[in-house]
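One-letter residues, chain by chain:
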Amino acid sequence: MRNLVLALGLLFVSLGAFSQEDAPKTQEKKGNKGKMFFYWGWNVSTYSNSDITFKGNGYNFTLENVKANDRPTEFGLDPYFHPGRITIPQTNFRIGYFFHDNWNVSLGIDHMKYVMPQNQTVKIDGTIDIGSRFDGVYNGDDILLTEDFLKFEHTDGLNYVNIEVNRFDNFNKLLGIHTENFEVNLTEGLGVGVLYPKTNTTLMGKERHDDFHISGYGLSAKVGLNLTFFKWFFIQTEMKGGFIDMPNIRTTNSTADKASQNFFFFEKNIVFGARFRVFN
């Protein structure tokens, strides 16, 4: 996860350095077209209940209407501002470019965390025949999700790597604000991307698969309030929701074992960033 963030950051730095070196020295241009931006911040997330299907050698069953929640890290200097640990909390990172005064395209990572609480009772359908105490044929039976049966988390994390196209509008004139050193902007956008989670799953005592894996796709929409200071720096709050479908979740070291699920998600984000011109 940290390497992916660093790679996007290096892409942003190299694009900015190249464009500033080659840009002609002209009078400052107004408007957003030709500007880049980046931001970093944090989220809290909620998820709809979902049916989760587990398949492998000797088993094929579905758990119905499983509840899940996020796992925010307690706020503090460490890890929120620790250079080596800033990717531990639920974070948002994005870089983008304004191809029009009111439109931009961006690439980012929504690093959410998805946790199935233990000891909830759900319905189970399907079969298990692996020589365990859970063996049986199930048809809408109740089962208690104890840790020896199933631990299921996307906690490093539920990584939504996505491209967005966003509308960006300045509301200073409408609000009667007559300074260029403070802007009130509204942004709305649509996104699409892939899910690249590191899933922590312990299934009926099997050894877990402990690596990042492309597991599915996501669609999203958002609206945000952007407050920009001195034309450069901004604080932005966002509400973002969407749909995630993961048909190929790795669960154990065996490639025959996998899970699938889909659900809706909702994020509340606060981010901090900068916007600056790279092309005239």
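Right, let's walk through the structure included here. All of these numbers come straight from a predicted model, not from anything done at the bench.

**Thoughts on the overall build of the protein chain**
Here is step 1 of the chain: Secondary structure assignment for the protein chain yields three helices and 13 strands.
Here is step 2 of the chain: The principal-axis extent of the C-alpha atoms belonging to the protein chain is close to 75 × 35 × 35 Å.
Here is step 3 of the chain: In the protein chain, buried positions account for 47% of the 280 residues.
Here is step 4 of the chain: In the protein chain, once contacts between residues fewer than 6 apart in sequence are set aside, the share between residues at least 24 apart is 71%.

**A look at empty space enclosed by the protein**
Here is step 1 of the chain: On inspection of all chains with the given rule, the structure shows three cavities of 30 Å³ or more.
Here is step 2 of the chain: Roughly 110 Å³ of volume is contained in the largest cavity.
Here is step 3 of the chain: Put simply, the parts of the chain that give the lining of the largest cavity at least two residues each are β1 (35–47), β4 (91–100), β5 (103–115), β8 (150–170), β11 (216–229) and β12 (233–250).
Here is step 4 of the chain: Here the residues of the lining of the largest cavity are counted per class, giving five nonpolar, six polar and four charged.
Here is step 5 of the chain: The volume enclosed by the second largest cavity comes to roughly 40 Å³.
Here is step 6 of the chain: Taken together, the elements giving at least two residues each to the lining of the second largest cavity come down to β4, β5 and β12.
Here is step 7 of the chain: Broken down by class, the residue content of the lining of the second largest cavity amounts to three nonpolar, two polar and six charged.

**A short note on the environment of lysine 198**
Here is step 1 of the chain: Mapped onto the secondary structure, lysine 198 falls in the loop between β9 (182–195) and β10 (199–203).
Here is step 2 of the chain: Put simply, lysine 198 and methionine 112 are 86 residues apart on the chain and 11 Å apart in space, counted from C-alpha to C-alpha.

**Overview of the pattern of salt bridges**
Here is step 1 of the chain: Across all of its chains, the model carries 18 salt bridges by this definition.
Here is step 2 of the chain: One salt bridge in this structure joins aspartate 110 and arginine 94, with 3.7 Å as the shortest N-O distance. Pair noted here: aspartate 110 is in strand β5 and arginine 94 is in strand β4, with a separation of 16 residues, a long-range link.
Here is step 3 of the chain: As a salt-bridge pair, arginine 275 and glutamate 183 come within 2.9 Å of each other at their nearest N and O atoms. With arginine 275 in strand β13 (residues 258–277) and glutamate 183 in strand β9, this residue pair connects regions lying 92 residues apart in the sequence.

**A few points about the packing of aromatic side chains**
Here is step 1 of the chain: Overall, the coordinates contain 27 aromatic pairs when judged by the stated rule.
Here is step 2 of the chain: An angle of 85 degrees between the planes, with centres 6.2 Å apart, marks the rings of tryptophan 42 and phenylalanine 75 as edge-to-face. Of this pair, tryptophan 42 sits in strand β1 while phenylalanine 75 sits in the loop between β3 (59–66) and α2 (77–80); the two residues are 33 residues apart in sequence, bridging distant segments of the chain.
Here is step 3 of the chain: Between phenylalanine 98 and phenylalanine 168, the aromatic rings sit 5.3 Å apart at their centres with planes inclined by 80 degrees, giving edge-to-face as the arrangement. Remark: phenylalanine 168 occurs in strand β8 and phenylalanine 98 occurs in strand β4; sequence separation between them is 70 residues. Each member of the pair phenylalanine 98 and phenylalanine 168 is classed as buried.

**Quick word on the pairing of strand β6 (residues 121–128)**
Here is step 1 of the chain: Across the two faces of β6 the burial differs, with Val122, Ile124, Gly126 and Ile128 buried and Thr121, Lys123, Asp125 and Thr127 not buried at all.
Here is step 2 of the chain: Pairing between β3 and β6: six bridges, direction antiparallel. The residue of β6 that forms the bridge with threonine 62 is aspartate 125.
Here is step 3 of the chain: For β6 and strand β7 (residues 136–144), the ladder comprises eight bridges, and the chain directions are antiparallel. Bridged to threonine 121 within β7 is leucine 144.

**Notes on the layout of surface pockets**
Here is step 1 of the chain: There is about 460 Å³ of room inside the largest pocket.
Here is step 2 of the chain: Around the largest pocket, the lining is made up of 19 residues, and of these Lys30, Gly31, Lys35, Asn170 and Glu183 lie nearest the centre.
Here is step 3 of the chain: Among the secondary structure elements, those contributing two or more residues to the lining of the largest pocket are β8 and β9.
Here is step 4 of the chain: It is β8 that provides the largest number of residues to the lining of the largest pocket, a total of three residues.
Here is step 5 of the chain: Taken together, the residues that form the lining of the largest pocket break down as two nonpolar, seven polar and 10 charged.

The rules behind these values
- Sequence order as written defines the numbering, with residues in each chain counted from 1.
- With pLDDT at 70 or above as the cut-off, local features in this predicted model cover only qualifying residues; side-chain atom pairs require 80 or more to be listed or tallied, and sums for whole chains, interfaces and linings still use all residues.
- Side-chain metrics in this entry use all non-hydrogen atoms of the structure; hydrogen atoms and water are not considered.
- A run of H or I in DSSP counts as a helix once it spans at least four residues, and a run of E counts as a strand once it spans at least two, with each numbered from the N terminus.
- Burial status follows relative accessibility: with a 1.4 Å probe on protein chains alone, a residue under 20% of its type maximum counts as buried, one over 50% as exposed, and anything between as partly exposed.
- Contacts were defined at the residue level, with two residues in contact if any of their heavy atoms lie within 4.5 Å.
- Put simply, the grid is 1 Å and covers the protein atoms alone, a cavity is a trapped set of points that fit a 1.4 Å probe, a pocket is an open set with protein on both sides within 12 Å along at least five of seven lines, and lining residues have an atom within 4 Å of a point.
- Grid points are joined across faces, edges and corners, and a volume is the space filled by probe spheres set on the points.
- Note that Gly is not counted as nonpolar here; it falls among the polar residues with everything else outside the nonpolar set of Ala, Val, Leu, Ile, Met, Phe, Trp, Tyr, Cys and Pro and the charged set of Asp, Glu, Lys and Arg.
- What counts as a salt bridge is simple: a side-chain nitrogen of Lys or Arg found within 4 Å of a carboxyl oxygen of Asp or Glu.
- Classification of ring pairs rests on two measures: the distance between centres of Phe, Tyr or Trp rings, Trp counted by its six-membered ring, which must be within 6.5 Å, and the angle between planes, read as stacked under 30 degrees, edge-to-face over 60 and tilted in between.
- Strand pairing requires that DSSP identify at least two bridges connecting the strands.

Note that all results are geometric; they support no functional claim without further evidence.
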